[in-house]
Structure formats: C-alpha cells, structure tokens
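Structural overview for review
So you can see what is in the structure, the chains are spelled out below.
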Amino acid sequence: MKQLFILFFLLIGWTLQASESFHLVRKDAGAPIYYQGNEPVVKTAIEMLIQDSKSVCRHPFTRTETVVNQSIIVGVLGQDAAFQKRLSEHKIDVSAIQGQWEAFQIQSVGENGKDYLFVTGSDSRGAAYGVLELSRLIGVFPWVWWADAVPEKKSEVVLPAHFKNIQQPSVQYRGIFLNDEDWGLLPWSGQNIGPKTYARIFELLLRLRANTIWPAMHEKTPPFYLVEGNKEVAAQYGIVVGTSHCEPLMRNSATEWDIAAQGDYNYVTNKEEILSYWTERLQALNGTENIYTIGLRGKHDGMMQGVKTLEEHKSVLSQVLTDQRELLREYVNPDPSKIPQTFIPYKEVLDVYDAGLEVPDDVTLVWCDDNYGYIRRLCNEKERLRSGGSGVYYHVSYWGRPHDYLWLASTSPALVHTEMKRAYDHGANKLWILNVGDIKPAEYLMEFFLDMAWNINVPSGFNHLNVWATREFGKQHTEEITAIMKEYYRLANFRKPEHTGWSRVEEPGYPRNLTPVVDSEYNPQFNNELQNRLQNCLSVENRVKQLRPAIPENKQSSFFQLVEYPVRGASLINQKWLYAQLTDTLKSNLAYDEIERLTADYNNMENGKWNRMMSSHPRDLPVFAKAPLNPSSGGKQSSPCGGVEGAVIAQNATNAVETWRATSSKAIEGLGHSFAAVPIEQSDSLTFVFDIPFEGDGWIKIAAIPNHDVDGQGMKIAVSVNDSTDVARRVSTADYSVEGRSETWKQNVLRGQALITFPFNFRHKGKTTISVKALTPYIIIDQIMVGNGEMNFYEFPIK
C-alpha cells in the first residue's frame, strides 16, 4: 500500500508540473515510463533504466499503465497500433528511422500544458538503445558495473524544449569475441562462464549499443549452447550469437567434438560424422538469433585436417560450403540468402580464398587483421558488389606468435581508427568483431571500437579519449588523464608491455617453444635510448601516482581499473627489464614486486568483486617472471628507427619541408614511434632536408607503419636524392609488403615499424634533400634516418 501511495504521489506531482521542457528527473524523482509492447529487449532496457535511476535520484523512474503529463512513451514502429496513433496525434515525423536497422528517435513534444518524451525504435533493439540513451542523459554510462563508474547524484535533469535525438548504426552487427579467457574471465566466473556471467556481459553490450557475441570457446569453458540458460539470456538482452573462424555452424569443436562425435575431425575421411554433428546443433537452435560461420578449419585454431596442397584445400573447402548451405536450407530457412552467414578467411584460409575459392554471394566476408592490428585484406571493387557485404575481425588481445599480448590493452586508438576507417571506406559495414580477451583491461579500446561501429564519424584519435576522460572523471582531470593515456600508448608503440623481454613464443627447439628473455635493443650509446625510455616510464608512472589523490573518492575504483593499473603496470614491466639490463637488480625486483602488489589490489578491490579477474602472468611466459641476475645479451642494438654506428641524423615524418600535395601532409596523432606518422596518397611524396656531415658510403632508412597492401598492389615507395650540387641522383624503389607470418613480419609487429633501407653513396657533405614517394596506396611514413657505419637490421629487397 505504501509503494502504491508513493507511485500515486509521484504521478500526481508530474501531472501538476507541466512545462515546455521535459524533465527526466524533477525534484529528485524520475519520470514515469509508458510501454505496452512485449519485446524482451525493450523490457530489459526499461528495467536497466529504472535500476540506473536509483543511483542518480531519490525516487527512481517508474512504469505506468496510463499516459500522464511528463511521461516517457516508448514504442517500436509497426508493432503497436496505439503507439502509431499517438505519433500521429502529436505530429511526430519518424520518416528518418522508418525501415532502418536498429535506429531510434527521441523527441519531446508539448501542447495544452502537457509534455511527453517519445522514444521510438525502428525495431526492438533500436527502441532499447533509445531507452538506454536516457541512462546516458541522466549520467549513467556503460562502465557503471564493469568498472565501478559511480554516477553523480542529480535532483534535476532537464531536456530543452523541442529536444530531438536521432541515431542509427554505421555497422549492422557490432560485437566482441571473448577469447583466451583462461587467466581472467574464466577463473573470475568460478570456472563457469554461464548465464550469470553472460547476463553481465550482455548488459554491457546493450549499453555500448552492440548486438553480437562470439562466446568464449577455450577447452576449459563450457560451450555456449550446452549451458542451460545461455540462449535465454541472449534473447533477453537482444544479443545475436555468432562464432569464430574455427567454429562452423554454431559448434565449438575445441570442446564439443570430443563430447558429441567420434573419430577424427577430418572432412575427407569422416564426412558423415561431421555432417551429423552440425545437424544436431542446427536442430536445437529453433527460435534463436544467430550468425552462422561457414567453412572449416582444424579442431581449434589450426589448419583443416586431411589436405596437403592448396588445391586439395580449396577443393575440400568448396564441398564443405556446399554441404553446409544444404544443412542451413533444411534446418534454418529454405532460402539461405535470408540467413546471416559469415566466411572468415583467417590465416591459411585467406590463401585458399585468394586461390579462387568461390563463396556464395550472400555470405558476409569477414576480413582479419594480422592479430596485431594491421588488416591484411579488404574488398576489391568486385567484392564490394556482393550482397552479403563484408566485415572485420580485429584484435586488441592475442595469444600466439611472435608473442602474446594478453595482459594489458595498449594498442593505440590511432591505429584502431586508421585501420577500421579504411575498412569501412572499403565497404566493411556488415559486421565488426573485436577480440577483447577477458574484457578487462580493454575497456576503453572496446568502447572506442564499438563507438566507431555505431557512428563511423565519432571523434577520431584522442578527441574521443578526451571526451571519455571528461565523462568518467570530470573536466578538471581531463587534460592530465588524456596526457597520461597518450604517453601510455606512445610508449607501447615502440614495444608493447608484454614484449619488453624481447622473447618469442611458438619457436621450435626451445623449452615450451619459448625463447628466453634477452637484453632490450635500446641503444645506450645512441641518443641515450635506454635511459630515455626508462625515464619516460618513470615519469608517466609518477604522474599517475600524483594524480590519484585528486580523484574524488567515489571515482577512485574506476580510476584504478581504467587508468592506474594499465599505465603503472606497463611502466613497471619496462622498469623491471631495463633496470635488469643496467644490472640494477634491486630496482628490477622492486618493479616486479610492485606489479604483483597492484595485481593483488585489483583482485581484492570492491570487496573481492574482481577476484581472479586480473593475472599479471598470463600463460606464465618468461617476460612476466622476476628478472634473472644477468639476462643474456640480445646481440643487436637498435634506435627507434633501427641500430647504427657512425654519424646519424634522424627526423620524424612531420619534419617534411614540402609535400607534392597538401592533402598528404596531415599527420595522424598517436600513430608510430613519432606519434605523428604521415600518410602519403599514391603518387604523392614527402621531402626532407638534411645537413649531411659525411661523404661516401652511407644509407637512408625509412620507417613506415607496418600496415598491409589490402588490395594486393604491394607497399611500394621510391626514394630520390638531390645533394648540395643540386644535381638529381638515381631513384631507388622498394616493396616492403610481407607474406604470412614471416620473420620480417614478426620483427615489424613487435617493433611497430617496417624498416626499409637504401644503401647510398653521398658524394658531398652539406644540404641534401631526400624525397619519399608513394607508388601504391596506404603508405604511412613514420621516420627517416640517414647515416653511415654498420647497419644492424633486416634489409628489404631493393630494386
């Protein structure tokens, strides 16, 4: 009775206080919400909004069965005649979202002393995103639970008169892949990633306006569709379930094949058993919303069994696609073109596709990066005409050669933006999936990626980070937090934290196929490289420690999770190995101990809420161990642009004195060792001026971003030189594209640069101009160096 009285009082209060503006919160009370539909995801979003409002105002939003003044009226186009009638009565034009995918329109109207807020979805998920936009408007943001981002209390939240907000996604399917979960998400969930865990993950995805999950699939994790309650919670949150490149037709073969089938996972010798295995799953998926991966790889992340040559591989895979389509036609929809399907040419499968494998036109091609953030392939003009469109599978976390990076998420947002915007411009707007590992600590990059998928014109680079920092921690701390995070990403552009041991994984001939840690390649003699890096790491860590006391108490937990732990962790692992190289064992050990202490703090914070989520040593790789007293020498010395002895002059690409076209001179903040790499359009050039202090044999070295020739034209540049006599000299060209997972590619992704070296005879000292011309698209120049003496680096072939 008391609850009914309070509800009646609040409704009367709202009825008596009409105005031209719309109050989401008035006098510490949330607005009433009117929704008469039956869409589960819309109901879920409304309940989330109501719960969110409890942390903002004294009296939360309430559900109402009648429309009163200052009501929020929620509806889905085409599903409720009464809602459609109200739109007409209030002359609300929804043509902008009519027939669109997952669009919403929020609009306030006022007449006759009454004000309403209409939340209209073009479909059910669109309406849900519109409802949760109201959570954002009252100050509750996506990381409220996942990073303990406490909202501010508010007694008034007012939308201006005639408020209108229309949004729709740039990419149709937007989501994440939970992967390599053995050291975080799995132990945190109590070794059972089931409906309780997925409910929290799906809530986060709904807040981030994502709609797709590739579930966790390692051997220790129960397969998604074998766990009771998983498919129901996916429906509740409107989440579409897909699978990765090695999980065809919704089956997690890493685990399920051993449970459900017999014999080898070999389509050549055991075809009928595999077909039966797929059929069993398709029969069980009635009423679920899925994206079906077609194709076949190995039982986990490996090559298909039973084939030896590329032609054999193509022939068998072609038959697999035909057979899978027949199963989909029989058990899902008689018209396969109406079934969401993906073909993912990952690793060796890309070679098969490029050899002429025919993929049905209505299937979405999902292109992949090289696991380190550089997309290998995108659609050519013919492929862009495919009805199935294309998408991207991208990594900010990875297990594999040349070395994992499963601990911290340090990929520069500038690289993410550069690569994904290029993909979108090539028509990849059907599906974007981000490998986020355990989600934590990849929170910011996950949000940035999904924000781009929602709105491709989202603020680029660090403008987005600036807005995010303001939202999470307040304007007074924005500048410093943004600067700290930029330095975190800049240092990782040289070497990710997980790669600071200069060791490798998956290298045959070593124990566990792991090479030992060796000295870094930072050169103590060249520009104080080693000492400067150490000082930079110490400096950024000190900035975090100095800032933390100024962060409000209710933001301390989220600050630790989102800023302090990754920044200090990255700094400390650098300190550990650099001090070891300088034979300062005490300081090296102190850095190791501090990482362990910070990690324990993480797992114990919030009364143990995050217990076992964070591991400081995923896979127990050598880089995470305490440094030995005498690390073995690396045998190589390397400046940020490579190792040298003799006279050396280096410049960043932004020092170019002229460009052939002004459009090619716009530096990308946050990209490369320079943190300001410069893209050059095809046939454009950058020109640099050097005062050469020597004559005779020397070299010119170009450092480029190690992105790939996504259309197969190569990564070709030309270098020309004019010396002090102003006489044009010969032009040298090089193609620095790489194949597969070659040694050159390994060096490139670990270093974050492709190095192209041109031997050159300098006939005169003094002023010398050097021009770098792009012969193919997508060239991005980071640094240039000239010098003489020994060159300790891998040379690309010079033509």
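Below: a short report on this structure.

Each value, and the rule that gives it
- Residues numbered from 1 in each chain as written.
- Predicted model: local features only at pLDDT ≥ 70, side-chain atom pairs only at ≥ 80, totals over all residues.
- Heavy atoms only, no water.
- Helix = DSSP H or I, 4+ residues; strand = E, 2+ residues; numbered from the N terminus.
- Expected span 1.5 Å × (residues − 1).
- Buried < 20%, exposed > 50% of the residue type's maximum accessible area, 1.4 Å probe, protein only.
- Arc of directions from axis to C-beta.
- Polar contact = N/O pair within 3.5 Å; in protein donor to acceptor, adjacent residues only side chain to side chain.
- Axes fitted to C-alpha atoms, helices over the stretch in contact; angles between N-to-C directions.
- Left-handed = near helix turned anticlockwise from the far one by under 90°.
- Contact = heavy atoms within 4.5 Å.
- Nonpolar A, V, L, I, M, F, W, Y, C, P; charged D, E, K, R; others polar.
- Phe/Tyr/Trp six-rings, centres within 6.5 Å; stacked < 30°, edge-to-face > 60°.
- Pairing = 2+ DSSP bridges.

Time to look at helix 14 (residues 461-473). Working note: α-helix, 3.6 residues per turn, so residues spaced by three or four point in the same direction. With 13 residues, helix 14 ought to run about 18 Å at 1.5 Å a step, and its terminal C-alpha atoms sit 19 Å apart, in line with that. Along helix 14, the residues classified as buried are Gly461, Phe462, His464, Leu465, Trp468, Ala469, Glu472 and Phe473. For helix 14, the arc enclosing every buried residue in end-on projection is 145 degrees, short of the 170-degree limit, so these residues lie on one face. One or two residues past the end of helix 14 sits Gly474, with phi positive at roughly 95 degrees.

A separate point is the environment of Asp782. Along the chain, Asp782 falls in strand 29 (residues 779-787). A C-alpha to C-alpha distance of 5.4 Å links Asp782 and Ala703, two positions 79 residues apart in sequence. A distance of 2.7 Å separates a polar atom in the side chain of Asp782 from the backbone nitrogen of His673.

Here we come to the packing of helix 9 (residues 271-283) against helix 10 (residues 310-331). The relative placement of two packed helices comes down to the angle between their axes together with the axis-to-axis distance. Running from N to C, helix 9 and helix 10 cross one another at 35 degrees; their axes reach a closest spacing of 10 Å. Viewed along their axes, helix 9 and helix 10 form a crossing whose handedness is right-handed. When helix 9 is examined against helix 10, the residues Lys271, Leu275, Trp278, Thr279, Leu282 and Gln283 are found in contact with a partner set consisting of Gln319, Val320, Asp323, Gln324, Leu327, Leu328 and Tyr331. Tallied by class, the residues present in the contact of helix 9 with helix 10 amount to 7 nonpolar, 4 polar and 2 charged.

Enumeration over the complete set of coordinates arrives at 43 aromatic pairs. Taking the centre distance of 6.2 Å and the plane angle of 20 degrees together, the rings of Phe104 and Trp454 count as stacked. One end of the pair, Phe104, is in strand 6 (residues 104-111); the other, Trp454, is in helix 13 (residues 443-454), with 350 residues separating them in the sequence. By relative accessible area, Phe104 is classed as buried at 0%. Overall, Trp454 belongs to the buried group, its relative accessible area being 3%. For the ring pair Phe343 and Tyr353, a centre distance of 6.4 Å and an interplane angle of 40 degrees mean the geometry is tilted.

An order of 4-3-5-7-6-9 is seen for the 6 strands of this open sheet, with the pairing classed as mixed. Both outer strands of the open sheet, strand 4 (62-63) and strand 9 (164-167), are each paired with one neighbouring strand and no more. Of the strand pairs in this sheet, strand 3 (residues 32-34) and strand 4 are connected by 2 bridges, and their pairing is parallel. Pairing of Ile33 across the sheet is with Arg63, part of strand 4.

Moving on to helix 13. The terminal C-alpha atoms of helix 13, which comprises 12 residues, lie 16 Å apart, in line with the 16 Å expected from a rise of 1.5 Å per residue. Among the 12 residues that make up helix 13, 12 are buried, leaving the element largely enclosed by the rest of the structure. For helix 13, every residue scored as buried is listed here: Glu443, Tyr444, Leu445, Met446, Glu447, Phe448, Phe449, Leu450, Asp451, Met452, Ala453 and Trp454.

On to the side chain of Arg297. Considering the arrangement of structural elements, one finds Arg297 in the loop between strand 13 (292-294) and helix 10. Classification of Arg297 as buried rests on a relative accessible area of 3%. Reaching out from Arg297, the side chain makes a polar contact with the side chain of Asp301 at a distance of 2.6 Å. Among the polar contacts listed, one links the side chain of Arg297 to the side chain of Glu348, at a separation of 2.9 Å. Sequence-distant contacts of Arg297, that is, excluding residues within four places in its chain, are made with His245, Cys246, Tyr265, Gly302, Met303, Met304, Tyr346, Lys347, Glu348 and Val349.

It is worth spelling out unusual backbone geometry at this point. Between Arg401 and the following residue, Pro402, the backbone shows a cis peptide bond with an omega angle of -5 degrees. Along the polypeptide, Pro402 turns up in the loop between strand 16 (390-395) and helix 12 (413-425). One non-glycine residue, Phe675, adopts positive backbone phi at about 65 degrees.

Let us look at the pairing of strand 23 (residues 685-692). Consecutive side chains along a regular strand alternate between the two faces of the sheet. When you tally the buried positions in strand 23, you get 6 out of 8 residues, the bulk of the element. Examined bridge by bridge, strand 23 and strand 28 (residues 766-774) share 8 bridges and lie antiparallel to one another. Note that in strand 28 the partner of Phe688 across the bridge is Ile770.

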